[in-house]
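Reading the structure
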Amino acid sequence: SLLVSDRATLAAVGEFLDDERVMVEPLCAVALAALYTRPELFRQHGSVVVVVCGGSLCSLDDVVAWRRRAERGSAATSDDDEPGHGHGES
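In what follows, the accompanying structure is described. (Residues numbered from 1 in each chain as written. Predicted model: local features only at pLDDT ≥ 70, side-chain atom pairs only at ≥ 80, totals over all residues. Heavy atoms only, no water.)

**Some thoughts on the overall build of the chain**
Keep this limit in mind: Secondary structure elements follow DSSP: runs of H or I of four or more residues count as helices, runs of E of two or more count as strands, with numbering from the N terminus. The classification of residues rests on relative accessible area computed with a 1.4 Å probe and restricted to protein chains. Under 20% of the type maximum is buried, over 50% is exposed, and intermediate values are partly exposed. Here the Shrake-Rupley method, with its probe set to 1.4 Å, supplies the accessible areas, and only the displayed protein chains count as covering residues.
In terms of regular secondary structure, the chain is built from 4 helices and 0 strands. The order of helices and strands in the chain, counted from the N terminus, is α-α-α-α. Here the chain holds 90 residues, and 28% of them are scored as buried. Carbon and sulfur atoms form 51% of the exposed surface of the chain, whose accessible area is close to 6,200 Å².

**What to know about the nonpolar core**
Put simply, the rule reads: Only buried residues count toward a nonpolar core, which is a set of Ala, Val, Leu, Ile, Met, Phe, Trp, Tyr and Cys residues joined through side-chain atoms within 4.5 Å. Two residues qualify as a contact provided that any one of their heavy atoms is within 4.5 Å of a heavy atom in the partner residue.
In terms of nonpolar packing, the biggest core is built from 17 residues, with Val 13, Val 24 and Val 63 touching the most fellow members. Where this core is concerned, the elements lending two or more residues are helix H1 (6-20), helix H2 (26-37) and helix H4 (60-72). For Val 13, the contacting residues outside a window of four places in its chain are Met 23, Val 24, Glu 25, Pro 26, Ala 29 and Val 63.

**Some thoughts on the packing of H1 against H4**
This is how the line gets drawn: Convention adopted: a line fitted to C-alpha atoms gives each axis, helices being fitted over their contacting stretch, and angles between N-to-C directions are expressed from 0 to 180 degrees. Any angle that is under 35 degrees is reported as roughly parallel, and any over 145 degrees as roughly antiparallel; angles of 65 to 115 degrees are reported as roughly perpendicular and all others as oblique. Take the far helix as your reference; a near helix turned counterclockwise from it by less than a right angle gives a left-handed crossing, and one turned clockwise gives a right-handed crossing. Polarity classes work like this: nonpolar for Ala, Val, Leu, Ile, Met, Phe, Trp, Tyr, Cys and Pro, charged for Asp, Glu, Lys and Arg, and polar for all others, with Gly in that last group.
Taken N-terminus to C-terminus, the directions of H1 and H4 make an angle of 150 degrees; their axes are 9 Å apart at the nearest point. When the interaxial angle is binned, H1 and H4 end up roughly antiparallel. Where H1 crosses over H4, the handedness of that crossing is left-handed. Mapping the contact onto sequence places Arg 7, Leu 10, Ala 11, Val 13 and Leu 17 in H1 and Leu 60, Val 63, Trp 66, Arg 67, Ala 70 and Glu 71 in H4. A class-by-class count of the residues in the contact of H1 with H4 yields 8 nonpolar, no polar and 3 charged.

**Here we look at unusual backbone geometry**
Although it is not a glycine, Arg 21 sits at a positive phi angle of roughly 60 degrees. Assessed through its relative accessible area of 64%, Arg 21 is described here as exposed.

**Details of the pattern of salt bridges**
Stated precisely, the cut-off is as follows: Between Lys or Arg on one side and Asp or Glu on the other, a salt bridge is scored when a side-chain nitrogen of the former is within 4 Å of a carboxyl oxygen of the latter.
Tallied over the full model, the rule gives 1 salt bridge. The closest approach of N and O atoms between Arg 38 and Glu 40, which form a salt bridge, is 2.7 Å. Its relative accessible area of 32% is what places Arg 38 among the partly exposed residues.

Below, the structure is given as structure tokens:
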């Protein structure tokens, strides 16, 4: 198993958005964070498939807010931390 930080996971959301132009939710980005932060663990397998989904319940504003909280080291969560409860909702 591999442990990735919240900060790495949120960075993976942005990196995947830059690379593929697809928004994913942080929970989905955990697998991406593992690939982005520790690619040497996966090279031996040749082709690696990661199924990504989500992004419909969060906005870029949500991701920015979560990253700010992760950078501050806040471990507290509230409804505002959950997808669909932040900025950008209509």
